[in-house]
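# Residue-level structure breakdown
As a plain string of letters, each chain reads:
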Amino acid sequence: MKPGTKLKSVVCDTEVMVIRGGSDGVVACGGAPMADERPAERGAIDPAFADGTRIGKRYVDAGGTVELLCVKQGAGSLSLDGVALVTKDAKPLPASD
């Protein structure tokens, strides 16, 4: 995965852009591996990965090696090698006294 690569879900409307891709793992949405192009027929969403994605949110793995930006939201949730990705928290601004 190279930064700038767009991936599309094969089970829902989710589309993401790779921001950081330091892993060779399989990125999935809704339990199915994501692809460069959306297939003509969509598969079924795995209920374990049906929390959905939100546009504009960044999703990261626990180690921070993979970061994805959601550019189109959908019903499936993102995972890397079967482990769910979490939304990246915003950095707090420094206090100005």
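The preceding data block contains the structure.
Residues numbered from 1 in each chain as written. Predicted model: local features only at pLDDT ≥ 70, side-chain atom pairs only at ≥ 80, totals over all residues. Heavy atoms only, no water.

### Digging into the pattern of salt bridges
The line we're drawing: A pair is scored as a salt bridge if a Lys or Arg side-chain nitrogen falls within 4 Å of a carboxyl oxygen belonging to Asp or Glu. Residue exposure (1.4 Å probe, protein chains only): buried if accessible area is under 20% of the type maximum, exposed if over 50%, otherwise partly exposed.
As enumerated under the stated definition, the model contains five salt bridges in all. Residue E67 is joined to R58 by a salt bridge in which the shortest nitrogen-to-oxygen separation is 2.8 Å. Classification of E67 by relative accessible area gives buried; the value is 2%. Residue class for R58 comes out partly exposed when judged on its relative accessible area of 35%. In this structure, a network of salt bridges that share partners links the residues R20, R58, E67 and K88.

### Focus: the nonpolar core
Convention followed: As used here, the term nonpolar core means buried Ala, Val, Leu, Ile, Met, Phe, Trp, Tyr and Cys residues forming a set that is joined through side-chain atoms within 4.5 Å. Under the scheme used here, helices are H or I runs from DSSP no shorter than 4 residues and strands are E runs no shorter than 2 residues, and both carry numbers assigned from the N terminus. Here, residues are in contact when the closest pair of their heavy atoms is within 4.5 Å.
L7, V16, V27, M34, L68, L78 and L85 are the most contacted members of the largest nonpolar core, which has 14 residues in total. Secondary structure elements with two or more residues in this core: strand 2 (15-21), strand 3 (27-29), strand 6 (66-72) and strand 7 (78-80). For L78, the residues in contact, after removing those within four places along its chain, are T14, V16, A28, C29, M34, T53, Y59, L68, A84 and L85.

### What to know about the environment of E15
Tracing the backbone through its elements, the reader meets E15 in strand 2. The class for E15 is buried, based on a relative accessible area of 15%. C-alpha of E15 to C-alpha of R58: the two residues are 43 residues apart in sequence and 12 Å apart in space. Those residues in contact with E15 that sit more than four places away from it in its chain are L7, K8, R38, L69, C70, V71 and K72.

### Looking at the sheet that holds strand 1 (residues 6-8)
Where we set the bar: Strands were regarded as paired on the criterion that DSSP finds at least two bridges between them.
Reading across the sheet, the five strands line up as 1-2-6-5-9 and stay open at both edges, with antiparallel pairing between neighbours. Each edge of the open sheet is held by one strand with a lone partner, namely strand 1 and strand 9 (86-87). Alignment of strand 5 (residues 58-60) against strand 6, held across three bridges, turns out to be antiparallel. Within strand 6, the residue paired with Y59 across the bridge is L68.

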